[in-house]
Amino acid sequence: MDAPLLRQECFIGGTWQSGPDQLDVCNPADDALLGTVPLLDKASIHRAIDAAEQALPGWAVRTAADRAAVLMRLHGLMLSHLEELASILTAEQGKPLAEARDEIRYGASYIEWFAEEAKRAYGEIIPSPAADRRLFVLRQPVGVVAAITPWNFPCAMIARKIAPALAAGCTIIVKPAEQTPFSALALAALAEQAGVPPGVLNVVTGDAAMIGAELTASPVVRKLSFTGSTRIGALLYEQCAPTIKKLSLELGGNAPFIVFDDADLDAAVAGAIAAKFRNAGQTCVCANRILVQDGIHDRFVAAFADAVRALPVGRGDCDGVRVGPLIDDRAAARLESLIADALEQGAELVAGGERLPGSLRMFTPAVLQGVTSKMLCAQDEIFAPLAPIMRFAREADAIALANDTPAGLAAYLFTRDAARQWRMTEALEAGMVGVNTGAISSAVSPFGGVKLSGLGREGSRHGLDDYMELKTMWLAA
């Protein structure tokens, strides 16, 4: 594809570097080769760590205003190159261009937010318990950061990590997903234009297991930020233990989407469409289980199925497409197995679930009803355009069903009852709750989960905390 920002080298210490071995990057819609990126060796990863370590003192002592100015230049460059960034993102990830544009804007909003927060990293003066002492608290950068990001939001997840890291005065090494490295490298190219000094931002590609092991083993790396599966998050958690790294883990979800009898039906259907089928269902905050109360169940299923059937499916670069391809063959096979398991256990396929003729990984969005907690689609994170609907009778039943999972990232509920809105929000075991809305993410609010869905928060004023350490100063008067 013709895109000046499509870089096929890694960015280490301010220079673009290749290697003897390469990884192919293909379009998930048709397997067309987009390009290659280096399959780096261990020595290259250590060069990236060394570059970040050497750049740290100079970046950390820059004033907050200086760092903010660099980030604001990056923010402007992202928006001025929106179309090119979106086309790269759609080509390597598959999502519709309209969603890709929204992702670029969303990622840029984190760059802007943390540029502003950099100037508000305040310390404290604490009333001293002793008359001859003064007590101060300083906030300082944690140091060199490693970030490992997923393929489903290849721009936004990186922006959400590099923005607070650079704002805090940290340097960072980014390992993007093997399927979607070009968005990360494009951001590195724009960061270079924005004036990010050499070594402050490094992007490495290659074998995920090897790179993860090297980054977590290094005592130079003081923090790891990871977005991905709970299984890999737990492994990285274990690998970080010997060096006691600071951790941010945004892991898997199994979000309940609860519709009560008194809900606005049209709003609930629209919210479910947004929460379930964004990025073909391949998001960590997707509505994984749709729980519908008895009194509205049949009307909701009928209206929701009609809306689902109307969703255009196809290549992400085609006009009007709402649902693009799944990321790879394994994801496609898993979707088919989840549907088969549910049907074998008595669920009914109300809509969709068919592979488009002649396509590799495109499916008509599927709706199942009569789903029970024993079915795999209710137990596991689906990550595909499949909506399982479960029926419940009482509020207490909805709470029990919703919390019957080790995950706790997001939850949604639709009800007009104000008291119930508060009761449910407090009772649901989730880090984020959408009440009468299917959209719950913004740079201004904390993003993260509880239970096996991870540690820490990204975004909001709290998002800077994980990239800073508190230092107490006792001063004798």
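See the structure printed just above.
Residues numbered from 1 in each chain as written. Predicted model: local features only at pLDDT ≥ 70, side-chain atom pairs only at ≥ 80, totals over all residues. Heavy atoms only, no water.

Some remarks on the pattern of salt bridges
Move 1: Here the structure, examined in full by the defined rule, presents 27 salt bridges.
Move 2: In this structure, Asp 264 and Arg 416 form a salt bridge, with 3.8 Å as the shortest nitrogen-oxygen distance. With Asp 264 in the loop between strand E12 (255-259) and helix H9 (265-277) and Arg 416 in the loop between strand E17 (410-414) and helix H14 (418-427), this residue pair connects regions lying 152 residues apart in the sequence.
Move 3: The partly exposed category is assigned to Asp 264, whose relative accessible area is 33%. (Salt bridge = Lys/Arg side-chain N within 4 Å of Asp/Glu carboxyl O. Helix = DSSP H or I, 4+ residues; strand = E, 2+ residues; numbered from the N terminus. Buried < 20%, exposed > 50% of the residue type's maximum accessible area, 1.4 Å probe, protein only.)

Overview of the sheet that holds strand E6 (residues 133-141)
Move 1: Spatially, the three strands line up as an open sheet ordered E5-E6-E20, and their pairing is antiparallel. A single partner strand is all that each edge strand has here, and the edge strands are strand E5 (124-126) and strand E20 (468-476). Going across the sheet, the axis of each strand differs from the next one's by a mean of 25 degrees, ignoring polarity.
Move 2: Bridge analysis of E5 against E6 gives three bridges, and the strand direction is antiparallel. Its bridge partner lying in E6, Ile 125 is registered against Phe 136. (Pairing = 2+ DSSP bridges. Axes fitted to C-alpha atoms, helices over the stretch in contact; angles between N-to-C directions.)

Section: the pairing of strand E8 (residues 171-175)
Move 1: Extensive coverage of E8 is indicated by the burial of five of its five residues.
Move 2: Neither face of E8 is left uncovered, since the one carrying Thr 171, Ile 173 and Lys 175 and the one carrying Ile 172 and Val 174 both have all their residues buried.
Move 3: One ladder, built from five bridges, connects strand E7 (residues 144-148) with E8; its direction is parallel. Bridging from a neighbouring strand, Val 145 pairs with Ile 172 of E8.

As for helix H7 (residues 208-217)
Move 1: Listing the buried residues of H7 in full gives Met 210, Ile 211, Gly 212, Glu 214, Leu 215 and Thr 216.
Move 2: Tucked inside the fold, the buried residues of H7 contact helix H1 (42-60), E7, E8, strand E10 (221-227) and helix H8 (230-240). (Contact = heavy atoms within 4.5 Å.)

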